[in-house]
Amino acid sequence: MKRLALVLVVVACDRRPAVTACTDKLSGVWITESDAKWSLLDHGGTLEAFPLFDDAVPEGTPRVIDLERGDKLAGEIRRRYMRGPDACEARAPIRITKCEANALQLVVADPQGPLQFAPCRFPLAASSRVERWRRE
């Protein structure tokens, strides 16, 4: 019973407006189904997301997400790969398809590492998947 009361107090103290549409202010920390945390910055017409966890891969930097508001809320995920003085920037599409009940539904594909540096050559795009993020 005490635990339920604590949850109710914490929820009642959250002064942020609930996310009910993709036109709402989406800034904040969002948690994926695998408990990875992303910081989402909402600048009105554009949004940026940065991982709040170790997202680096061999020869690759953490991913960065850039989205634009238009008819759709869509953009790309980027990851820079480095080998010595050579750099390649991998890109993949991302869209937010639903915003409701303090949750986001995204269709996302992962940027693929290069097959070759100088010049950069990439494999075929990865398959997309649906992810659900909830507001922290």
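Residues numbered from 1 in each chain as written. Predicted model: local features only at pLDDT ≥ 70, side-chain atom pairs only at ≥ 80, totals over all residues. Heavy atoms only, no water.

A. Representation of the side chain of glutamine 105 in the model. Its location among the elements puts glutamine 105 in strand β7 (residues 103-108). Residue classification places glutamine 105 among the buried positions, given a relative accessible area of 19%. There is a polar contact of 3.4 Å between the side chain of glutamine 105 and the side chain of arginine 132. Setting aside residues up to four positions removed in sequence, glutamine 105 forms contacts with Arg95, Ile96, Thr97, Lys98, Val130, Glu131 and Arg132. (Helix = DSSP H or I, 4+ residues; strand = E, 2+ residues; numbered from the N terminus. Buried < 20%, exposed > 50% of the residue type's maximum accessible area, 1.4 Å probe, protein only. Polar contact = N/O pair within 3.5 Å; in protein donor to acceptor, adjacent residues only side chain to side chain. Contact = heavy atoms within 4.5 Å.)

B. Geometry of the pairing of strand β2 (residues 37-42). Pairing geometry for strand β1 (residues 28-31) and β2, over four bridges, is antiparallel. Paired with tryptophan 30 across the bridge in β2 is tryptophan 38. Counting the residues that bridge the hairpin from β1 to β2 gives five residues, and of these aspartate 35 lies at a positive phi of roughly 70 degrees. One ladder, built from five bridges, connects β2 with strand β3 (residues 46-51); its direction is antiparallel. (Pairing = 2+ DSSP bridges.)

C. Representation of the sheet that holds strand β8 (residues 129-135) in the model. With antiparallel pairing, the eight strands of this closed barrel are ordered in space as β1-β2-β3-β4-β5-β6-β7-β8. Sheet twist, expressed as the average angle between the axes of neighbouring strands with direction ignored, equals 30 degrees. Bridge count between β1 and β8: two bridges; the pairing is antiparallel. Counterpart to isoleucine 31 in the pairing with β8 is arginine 134. (Axes fitted to C-alpha atoms, helices over the stretch in contact; angles between N-to-C directions.)

D. How the structure looks around unusual backbone geometry. The linkage connecting alanine 118 with the following residue, proline 119, adopts the cis geometry, with an omega of 0 degrees. Looking at the element boundaries, proline 119 is found in the loop between β7 and β8. In this structure, glutamate 59 is a non-glycine residue whose phi angle is positive, near 65 degrees. As for its placement among the helices and strands, glutamate 59 is situated in the loop between β3 and β4 (64-69). Accessibility expressed as a relative area gives 39% for glutamate 59, which makes it partly exposed. The backbone of alanine 101 sits at a positive phi, close to 50 degrees, despite the residue not being glycine. Residue position: alanine 101 is located in the loop between β6 (86-100) and β7.

E. The side chain of threonine 32, seen in detail. The residue threonine 32 is located in the loop between β1 and β2 in this model. Look at threonine 32 and you get buried, because its relative accessible area is 5%. With residues near it in sequence (within four places) discarded, threonine 32 still touches Trp38, Glu131, Arg132, Trp133 and Arg134.

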